[in-house]
Amino acid sequence: MASRSRATRQGGRAQAPSGSRRPRGAPAGGAGGGRCALVILAAGKGTRLRSDLPKVLHQAGGDSLLGHVLSAAVAAGIAPADTVVVAGYAAERVAEVAAARGGVRVVVQEPQLGTGHAVLAARDFWSAYDCVLVVHGDMPLVSAATLRGLAAALAAERAGAVLATATPASPRAYGRIVRRRGRVVAIVEERQATPAQRAIRELNAGFYCFRAAPLARALARLGNANPHREYYLTDTIALLAQAGERVAGYPLGDADEILGINDRRELAEVDAVFRRRAARRLMEAGVTIYAPETVTIDAAVEAGPDTVLEAGVHLRGRTRLGRGCHIEAYSVLTDCELGDGVRVKPHSVLEQARVAEGAVIGPFSRLRPGAEIAASAHIGNFVEVKNARIGRGAKANHLAYLGDAEVGAASNIGAGTITCNYDGERKHRTKIGKKVFIGSNATLVAPLEIADEAYVGAGSVITGAVPAGALALGRARQVNKPGWVAQRRAGRAQAQEPEPRR
Ligand code: UD1
Ligand code: CA
């Protein structure tokens, strides 16, 4: 095929640097298979999900279904420039996700007339390659090893097509693999299968590697004589076999890989697989996880040995935990860094926060972006910290807001203390020195500096600097009126007023 200027959303394909020795598009390990393109089918609406969101953008295991497939491709050594996503329903939104993975191409299949029609829609992209990997965007458990293995098997078996198969314990409504004398000769979709074919337990996973030229010939001959009036990619298998091409099966090592998502029940099932895998990964690294089926751990999360995670804990994004941390029930940590031996008590929510060794957070603490908690500090019940450094051994144990602030080592922040960091237009900083004692319910109006070892009386509104070692009081002096109650009663009796009714 001559033309490589493709009618794709992302524009033309980047030229391979001339003289580059490794042929572009050869996945690592696919030796001898020639240049491979990857086609990800993602045009379907996912009717059975009953959703406005396109199926491949639904989330499982901390990423979109399509995101997982794109990650597997990268892990298999397939360059984004060799990858095309076939989008259709809500194509712009799917294209956005693809665009975020620099260089992945998108073609639009409109209307969506079946999986064979979808591969055909991307033909301009793949026709100049030697081979074509095809995967479904709704099957996020596909592994890098499978992608590499399919390409390698195509070369090793000198086949026209290789397709991944699995024989799960319980049946699924998948295409059945029809073999004759051991050779794959067809895939029959469940709705067209004879009773004998329905009894076949070897299923079509939906991951294929084709030699490009015979695939193009088979697609050109596809019909749509089936209940859905669709052009099935699966029908190319019989066409290739009839044309004398060798078709090889590629049994999947991991039975979970065949789990795809067609409805919400399957979405939950696949999410649970990702959860189990992530939990297993941390357990192997020496982490104790109670009730792992309730714990969410994103792929990039790391944790040191002897760390304990209790039920309902979520570790998201790039969160990193040191050794011997204890994250108690229902705490959610996003992009956080914790040193060794940090304890996070139940129901705490931490985001882009750094907590040094031995600090204690929670219960019910909120650390927002830019919170930096030094070693052995305590942040307690209903305390919110934002863009603030809390010094070594400092304590804010109850009901406080510390925003745009610095608190020196060993200082004590009383219950109900508020840093008033916002004047309606701009944010200002509060600087509190070492060993400072802030009494309960203090209102600290920024910009403000409270020097080392100073005291602030409870209930004070502090608007000016407090020098080192001073006591600052910013509140009305208390007045006692002795005998006031008795006088009032006597006054009422004289006026012979009845007691006011309650
Ligand atoms: C398909 C296979 C079936 C296999 C199963 C494994 C066909 C005909 N059947 O069935 O043998 O066991 O996958 O998961 O291929 N898509 C498009 N454009 C379309 C139609 C679909 O891009 O016109 C995309 C969908 O978005 C989806 C993928 O192709 O990501 C598979 O389509 P789906 O309708 O889910 O096929 P299955 O019924 O699951
Ligand atoms: Ca499917």
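Scroll up a little and you will see the structure.
In this text the structure is predicted, and so the values were computed from the model without any measurement. (Residues numbered from 1 in each chain as written. Chains lettered and ligands numbered in written order. Predicted model: local features only at pLDDT ≥ 70, side-chain atom pairs only at ≥ 80, totals over all residues. Heavy atoms only, no water.)

1. Side note on the overall build of the protein
Stated formally: Strands here mean DSSP runs of E at least two residues long; helices mean DSSP runs of H or I at least four residues long; both are numbered from the N terminus. This radius of gyration counts C-alpha atoms alone. The globule rule is 2.2 Å times how many residues there are, raised to the power 0.38. Note on exposure labels: buried denotes an accessible area under 20% of the residue type's maximum, exposed denotes more than 50%, and partly exposed covers the range between, all computed with a 1.4 Å probe on protein chains only. Any two residues whose heavy atoms approach within 4.5 Å are treated as being in contact. For accessible areas, the Shrake-Rupley method is used with a probe of radius 1.4 Å. Any residue's cover is judged against the shown protein chains and nothing else. Just so you know, the count uses Lys and Arg for positive and Asp and Glu for negative, and it drops His and the chain ends. To locate a charge, take NZ of a lysine, CZ of an arginine, CG of an aspartate or CD of a glutamate.
From N to C terminus, the protein includes 10 helices and 39 strands. Taken over C-alpha atoms, the radius of gyration comes to 32 Å for the protein, far larger than the 23 Å a tight globule of 502 residues would show. By principal-axis analysis of the C-alpha atoms, the protein measures approximately 115 × 65 × 45 Å. Burial statistics for the protein: of 502 residues in total, 47% are counted as buried. Counting only contacts in the protein whose residues sit at least 6 apart along the sequence, the fraction spanning at least 24 positions is 42%. Roughly 24,000 Å² of accessible area belongs to the protein as shown, and the carbon and sulfur atoms make up 50% of that amount. Looking at charge distribution, the protein has the averaged site of its 66 positive side-chain charges lying 2 Å from that of its 46 negative ones.

2. Observations regarding the side chain of Asn-262
Selection rule: In protein, a polar contact requires one atom able to donate a hydrogen and another able to accept it; more generally it is a pair of N or O atoms within 3.5 Å, and residues adjacent in sequence count only if both atoms are side-chain atoms.
With respect to the secondary-structure elements, Asn-262 resides in the loop between β11 (247-251) and α9 (264-284). Looking at Asn-262, its side chain comes within polar contact range of the side chain of Lys-55, at 3.1 Å. Discounting residues that sit within four places of it in the chain, Asn-262 has contacts with Arg-48, Leu-49, Lys-55 and Asp-138.

3. A few points about the coordination of the calcium ion (ligand 2)
Note the cut-off: Here the coordinating atoms are restricted to nitrogen, oxygen and sulfur within 2.8 Å of the metal centre, or 3.2 Å for Na, K and Ca, and because water is not among them the sites may look incomplete.
Donor atoms from the polypeptide that coordinate the calcium ion (ligand 2) comprise Asp-138 (OD) and Asn-262 (OD1), at 2.4 to 2.6 Å from the metal. Highlighted residues: Asp-138 in the loop between β6 (131-136) and α5 (144-156) and Asn-262 in the loop between β11 and α9, separated in sequence by 124 residues. Overall, Asp-138 belongs to the buried group, its relative accessible area being 13%. With relative accessibility at 15%, the residue Asn-262 sits in the buried group.

4. Quick word on empty space enclosed by the protein
Put simply, the test is: Cavity means a closed set of points on a 1 Å grid over the protein atoms alone, one where a 1.4 Å probe fits but cannot get out, pocket means an open set with protein on both sides within 12 Å along at least 5 of 7 lines, and lining means a residue has an atom within 4 Å of a point. Grid points are joined across faces, edges and corners, and a volume is the space filled by probe spheres set on the points. In the scheme used here, Gly and all other residues not listed as nonpolar or charged are polar, with Ala, Val, Leu, Ile, Met, Phe, Trp, Tyr, Cys and Pro taken as nonpolar and Asp, Glu, Lys and Arg as charged.
Taken as a whole and judged by the stated rule, the model has one cavity of 30 Å³ or more. Its boundaries defined by the atoms lining it, the largest cavity holds a volume of some 30 Å³. Lining the largest cavity we find Leu-70, Ala-73, Val-74, Ile-78, Pro-80, Thr-83, Arg-101 and Val-104. Looking at side-chain class alone, the lining of the largest cavity contains six nonpolar, one polar and one charged residues.

5. So, α5
Selection rule: Under the convention used throughout, the expected extent of a helix is 1.5 Å for every residue step, that is, one less than its residue count.
With 13 residues, α5 should reach 18 Å at 1.5 Å per residue; the first-to-last C-alpha distance of 18 Å fits that figure. Burial in α5 covers these residues: Ala-144, Thr-146, Leu-147, Gly-149, Leu-150, Ala-151, Ala-153, Leu-154 and Ala-155. In this fold, the buried residues of α5 make contact with β1 (36-42), α1 (65-75), β6, β7 (161-166), β10 (203-211) and β11. Of the residues one or two after α5, Arg-158 is the one with positive phi, at around 45°.

6. Topic: the environment of Arg-318
Take Arg-318: it is sitting in the loop between β16 (314-316) and β17 (320-321). Sequence spacing of Arg-318 and Cys-336 is 18 residues, and the spatial spacing of their C-alpha atoms is 6.9 Å. Leaving out residues up to four positions away in the same chain, Arg-318 has contacts with Ala-300, Asp-335 and Cys-336.

7. Overview of the pairing of strand β5 (residues 105-108)
Successive residues of a regular strand alternate their side chains across the two faces of the sheet. Our working definition: Two strands pair if DSSP finds at least two bridges between them. Assignment of crossover handedness uses the view with strands pointing away from the viewer, where a clockwise path from the first strand over the helix to the second indicates a right-handed crossover.
Pairing analysis gives four bridges linking strand β4 (residues 83-87) to β5, with the strands arranged parallel. Paired with Val-86 across the strands is Val-107, a residue of β5. Regarding the hand of the β-α-β motif, the stretch spanning β4, helix α2 (residues 91-99) and β5 is right-handed.

8. Structural notes on the pattern of salt bridges
Short version of the rule: In what follows, salt bridge is the name for a side-chain nitrogen of Lys or Arg lying within 4 Å of a carboxyl oxygen of Asp or Glu.
Taken as a whole and judged by the stated rule, the model has 14 salt bridges. A salt bridge links Arg-275 to Asp-271; the nearest nitrogen and oxygen atoms lie 2.8 Å apart. Of this pair, Arg-275 and Asp-271 both sit in helix α9, four residues apart, which is roughly one turn of that helix. Salt bridges sharing partners connect three or more residues here, namely Arg-172, Glu-266 and Glu-269.

9. As for the site of ligand 1
Quick reminder of the rule: Nearness of a residue to a molecule or strand requires only that one of the residue's heavy atoms be within 4 Å of it. Any molecule with more than half of its atoms within 2 Å of a cavity's or pocket's grid points is counted as sitting in it.
Around ligand 1 sit 24 residues in total, of which Gln-109, Gly-114, Thr-115, Glu-189 and Asn-204 are the nearest. Leu-41 places a main-chain nitrogen or oxygen 2.9 Å from an oxygen atom of ligand 1. In this structure, an oxygen atom belonging to ligand 1 sits 3.4 Å away from a side-chain N or O atom of His-136. Expressed as a share of its isolated accessible area of 750 Å², the protein-covered part of ligand 1 is 88%. Because more than half of its atoms lie within 2 Å of the grid, ligand 1 is assigned to the largest pocket. Tallied by class, residues from the shell around ligand 1 come to nine nonpolar, 11 polar and four charged.

10. Notes on α1
Across the 11 residues that make up α1, a large majority, eight, are buried. Buried residues of α1: Leu-65, Leu-66, Gly-67, His-68, Val-69, Leu-70, Ala-72 and Ala-73, and no others.

11. Some remarks on the environment of Glu-293
Within the secondary structure, Glu-293 sits in the loop between β12 (288-289) and β13 (296-297). On the accessibility criterion, Glu-293 (57% relative accessible area) is exposed. For Glu-293 and Thr-419, which are 126 residues apart along the polypeptide, the C-alpha to C-alpha distance reads 40 Å.

12. Observations regarding the pairing of strand β27 (residues 378-386)
By the bridge criterion, two bridges tie strand β24 (residues 360-361) to β27 in an arrangement that is parallel. Within the sheet, the bridge partner assigned to Val-360 lies in β27 and is His-378. Strand direction decides the pairing type here: strand β25 (residues 366-367) and β27, joined by two bridges, are parallel. Counted as the bridge partner of Arg-366 is Glu-384 from β27. Bridge analysis of β27 against strand β29 (residues 395-403) gives seven bridges, and the strand direction is parallel. Following the sheet pairing, Lys-386 is matched in β29 by Gly-403.

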